[in-house]
Every structure is written in structure tokens, then in C-alpha cells.
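These are the residues of each chain, in order.
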Amino acid sequence: MELTALACRELAEAEQRGQAVTQRQLAAGLEVSLGKANQVVKRARADGLFAPDRLALTAAGWERLDRFKVDNAIVLAAGFGSRFVPLTFETPKGLLKVLGEPMLERQLRQLREAGIEDIVLVVGYMKERFEYLVDKFGVELVFNPEYAAKNNLASLHRVRDRLASSYILVADNWIEQNVFHRWEPNSWMSGLYFDGPTGEWVVTLGPKGRIRRLDVGGRDQWAVVGPVHFTREFSARFRPLLEEAYATPGTDDWYFEHVIRANLDQLPIQLKKMGAHQVREFESLAELRQFDESYRDTTDSAIMGQIAAALRVAEGQIEDIEPLKNGLTNASFRFSAPAPGGAAGSAGSADAAAVSAGVAVSAGVTGAAARPTRQFVYRMPQEGANQWIDRVGEAAAYQALEPLGLTDKVVWIDPANGHRITEYFPGARQADPADARDLADVIGVLRQVHGSGLALGGRRDLSVDVARLQALCQARDAIRFSDYDQVAALVGRLAAVGAGPVAEVVTHGDFTASNALVLADGSIRLIDWELAAMGDPMIDLASFAVAAGFDRAAIDGLTVLYLGRPASWDERRRVYRGVALTAVVNTLWAEYRQAMGEELGEYPLVMYRYAKDYGRLALA
């Protein structure tokens, strides 16, 4: 029945093209021997599906074929594409051009050419970028609000009622020759053969290419890559299993393939083997550069252009790009490139003003090839961060602190938006707040900064930060704590807490173990001075304690370590006040980020409890 249905499709498509088909051509299209094709033709004629005197469908053949008509295509386009930063900071991965055409547009065009009219795109990240496709290809957009917290199982669950005879695609595949058809008699997953290791879903096959097992990762095996087709019968079985998986705790990171893997006994599906280069899934910019040479010169990315200008290199010399774990306020990635300036890799005093002004260190790429390659970090603020963080003040702070030699080294910074390039410290690690040696060394460096006598233009007032973030959250109705009005009142009372005037010093403002690096030689660098300003030194102790999850005894011990003597009640109370207000700031920013689509788990709950407990303690 399967080969008969496929043979009907071969004849139908040939007729639509206005072409006649020979039995040899039919055999090639079915990928069977000429003898096998002859058997299929005889059976189809006996069933009245083929004309008796030529290779053409009868009315009964067309009627039989229409049972397998594809109902729609579902394209999963909600994800971020972290392995393609920085390009995906500006453009969803599926809309990146390959050989001059966006990958998603190529697939939509191929679907249309195959006669698939009903196409739905499940979008999330940068959803607005896809809207033009409604006019260009007549697609329907469905928004997945869980795109930032869950994997594509949630996207498919969002449109589960649309599953019928359906193609399921991901937006960021590039398909060379059109693999789509108006009719599909089988359920299948497309596959490529991998020589050597792969991290894709590898398959174990049974008779007739049926998938008997799916595993993540393997070597020298066929693996699932590219589009998938579900028949109506398959979708009817799959839908309740999808709903069950979605409702099961612990499946946030699942792909829809997890559901198939867990239920292969109930979900018969084949592997459709593709040619070596038929489907491409680019894993990195380096892979894309190998395939599309235009990316070696330019990526049409403003961020890549900024890096090239700042370091005086060509875009093709920016390599080894690797996303770093994003913080609450910034997204970052590491990369390699020829060092700026001379052999020392320094901008030099003549370029200091240009760097702080956010312009290129110098123009041109002369001599870039002769410069040593170094590693750098590009930092981009998350949406909303610049509405409460002073980026001009950050740039000024780095300039003021540079003589101390205790910070990360800024190569380029834009005070208008906070985008920044710093040198990366190979072999460095984050300080461990539970390690007594690390803690003593980091606090020692903090004392050096506090005692430096330097002055900054801005002033850090946590109550002001709370007010700014509260306004941001209220504009999006982001605060979901039912008793927040009580915490807001607590913040007001904490503003008056203190033992009189405090000698203000340069504070880091976001002093945490993750912002304290232990270099390969054992020295300490404090990085990310975006909140640096003049303020109470106890603010930094509070910030460190909150991020480390310290309890009261550990906080008191941290205060004694910093002071080098027993702390007075007023000194301890200033730290408790700082802990409470820092926790409120963290709570509000977390609530804002969640309103933007992220899911931060228990973090807001932990911060909120810190705010209440230490706010009350400071007022005791």
C-alpha cells in the first residue's frame, strides 16, 4: 500500500508538471528496482488506480491519493538561537540569510511550491520580525509566551489542535532541494548520516526504516535533522501524549522528539534518509562562513561591525564566538580577534577618549594579521536595564578606576547604550564565597577600592533604584506578590535607617562572587562596574551576601572580615539594610524580566524573603 500510494504521487506530480513518466523513471522516483516498480504498476492497475494503457492515474487513483493530502505545515520559530550570537541578538536565526535568502523564507517558498497553503508559524523571540511573512507568504502567526522558559515541546503544544496531516519544521534549517509534497502517505522524520560524533538525535532502525530507538548523541549513525511529517492517524495518537508530557513536571527543556522517543511503541514512524547536503542545520557562524562565503567579509550585524571597528579588524577575523551565561542585566559572548593597537594589545593613552566616547579605537585594519590573537568579551544590556542603570556613569567609572589595575580592561564602550568590549582573562575562575582564602582575597581587594580616595560623579542610593524599578514593573503590571505594598512601605521606613552621616566611597554596586575573578596567577579582578558610584561601603557587603545566599551568621562574619574588628550594631544594621534593599531591587528586576517572557524559577521568592527578613531586622 505504501509503495502504491507513493507511485500515485509520482504520477500525479508528473501530470501537474505536464510530463509523461516511464516505468524506469517511476522506479528511480520510488528508489526501487525496475522489477519492483513493475509489480507496483501491476497491482495499481489491478486495483483500478492506473490507466491500463499508460502510466497515468484514473479517477479512482486520484480519489485514493487524496486520502493522503497534506493539511498544513507548522513551523517552530520561537527560539533564540544562542549558538549564533551575536547575530541573533539582532535577527532571529531563521531569518538569517543563506546565499542571499532567509532560511525560513526558503522553506516557506518550497512549501508553497509543493501546494501547501495552510502554514502556521509559532513565534516568540523577536516575534515582530516575522509579521511581514503574513503578507509575503500568507502564513498565520501564533505567539508562544513560554518561548524563553521552555523548549519546542511547548511551541508544538500551543498549536496541538492543528496537528493533522502536518509537516513540522524548524525555522533555521536550510533545505537544498524541495522535499515537500502535496500528498504524504507516511509518518517520517528526515535524517542525515554522520561520520564521527554528533549531538543530534541518533536512530536505531528496524524493518522498512521504522525508527525503533532515539538517543541523544552518537557516532557513525543516522540522526534526525530537518522536517518531519505526521499523518492524521499519527497526529491523533501523538496529541494526547503531547498534552500529557506538557503537563508533567520536569519537561520544560523537552523537545517534541522526547515525546516520540518515550512512545515509539505507540507512534510508528520511519526515517526518511536525505542526501549528505540536502538539509543543513548550521550550528555556528563558523559553519555558516564555510558554506556561504559572503559571511567571511560581512554579517550585516551592527554588533560585529562595532567589534571590527573597535579592534581595527575585518569581520572575518572575529572568530571562536561562544555565548556566556547571561546575567539578569546583561547578555554576553566571548570571541577571539587580533588584539587592538600594537603588539601589547592596548588602546594606548591617545585612544582613551575615543574608547570612552564609544567610537572605534582607530580606523582601518592595517596590520591586523600581524597582531597577536586575544580573547575578548562583548557585553550587551538586557532590555530595560538602561532605564535604571547609568551607562555614562559606568564609562566614567572605568576611566577613573583604571589606574588601580583591579578591574577588567575595557577596550571599547558606548556610554549611550552600555555595549562594551573587555579583554577576557584566560584561565580565570569566579571566586568561591565558601572558600575562606577566596573570600579574604576578594574582600581585601574591595577594601583597596574603598580606600583608594577616588571619587565618582554619581551616587548610589538603593532606595532610588527601588523607585525606578518599581515604576518599570508597574508599567507592565509585573509585580505578582500580593503583599508588595507592605514591602514598599518597608522600603520607605528603611530609607531613614542609619547612624548618622556615612563617609561615602567608590562602591562597586553589584559586588558578587561572580563579578570577582581569580586569575591564573592568583590575583583578583573585580569586573562589571555598571552600578559603580559613590555610596555607603556596606552596600557592597550586602550585595555579596545576597548573591552568595549567606545567612545572618555568615553576613555578620563577612562584616567582621571587612572591618578587621568586631562590628557595631549600627554597622551591622547598615549591612542588613543594604541586604533588604538589594533584595528588593533584585526582586523587582526579576519580576520585570519575567514579564518580558523569562522564567527565573525560585529566584524572586528567595530575594523577596531576604527583603522581608532583613528589612525587619534592620528596623528592630
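Please read these numbers as outputs of a predicted model, since none were measured by experiment.

Reading the values: rules and limits
- Residues numbered from 1 in each chain as written.
- Predicted model: local features only at pLDDT ≥ 70, side-chain atom pairs only at ≥ 80, totals over all residues.
- Heavy atoms only, no water.
- Helix = DSSP H or I, 4+ residues; strand = E, 2+ residues; numbered from the N terminus.
- Buried < 20%, exposed > 50% of the residue type's maximum accessible area, 1.4 Å probe, protein only.
- Pairing = 2+ DSSP bridges.
- Axes fitted to C-alpha atoms, helices over the stretch in contact; angles between N-to-C directions.
- Contact = heavy atoms within 4.5 Å.
- Lys, Arg positive; Asp, Glu negative; His and termini not counted.
- Salt bridge = Lys/Arg side-chain N within 4 Å of Asp/Glu carboxyl O.

(A) Layout of unusual backbone geometry. Val85 connects to Pro86 through a cis peptide bond whose omega is 5 degrees. Tracing the chain through its elements places Pro86 in the loop between strand E1 (72–77) and helix H5 (87–90). We note that Leu99 has phi near 55 degrees; this positive angle belongs to a residue other than glycine. Position of Leu99 among the secondary structure elements: in the loop between strand E2 (97–98) and strand E3 (101–102). A residue is classified by how much of its surface remains accessible, and Leu99, at 52% relative accessible area, is exposed. Even without a glycine there, the phi angle at Asp528 is positive, about 60 degrees. Here Asp528 shows up in the loop between strand E20 (524–526) and strand E21 (533–535). Residue Asp528 is classed as buried on the basis of its relative accessible area of 18%.

(B) Here's a closer look at the sheet that holds strand E13 (residues 330–338). One open sheet accounts for five strands, arranged E12-E13-E14-E16-E15; its pairing is antiparallel. Whereas interior strands pair on both sides, the edge strands pair on one side only; in this sheet they are strand E12 (319–323) and strand E15 (410–413). Strand-to-strand twist across the sheet, computed as the mean angle between neighbouring axes with direction ignored, equals 20 degrees. Strand direction decides the pairing type here: E15 and strand E16 (residues 420–423), joined by three bridges, are antiparallel. Across the sheet, Trp412 pairs through a bridge with Ile421, a residue of E16. Set on the sheet, helix H12 (residues 302–311) makes contact with E12, E13, strand E14 (373–381), E15 and E16; between it and E13 the angle comes to about 45 degrees.

(C) Quick look at the side chain of Glu257. Structurally, Glu257 is set in helix H10 (residues 256–262). Of the side chains bearing the opposite charge, Arg261 lies closest to the buried Glu257, which forms no salt bridge; the N-O distance is 9.7 Å. Aside from chain neighbours lying at most four places away, what touches Glu257 is Asn152, Met189, Trp201 and Leu214.

(D) Structural view of the pattern of salt bridges. Inspection of the entire model under this criterion finds 39 salt bridges. A salt bridge links Glu140 to Arg162; the shortest N-O distance between them is 3.0 Å. With a gap of 22 residues between them, Glu140 in strand E5 (residues 140–143) and Arg162 in the loop between helix H8 (152–158) and strand E6 (166–170) connect regions that are remote in the sequence. Looking at Glu140, the relative accessible area reads 35%, which means it is partly exposed. The partner of Arg460 in a salt bridge is Asp465, and the shortest N-O contact between them spans 2.6 Å.

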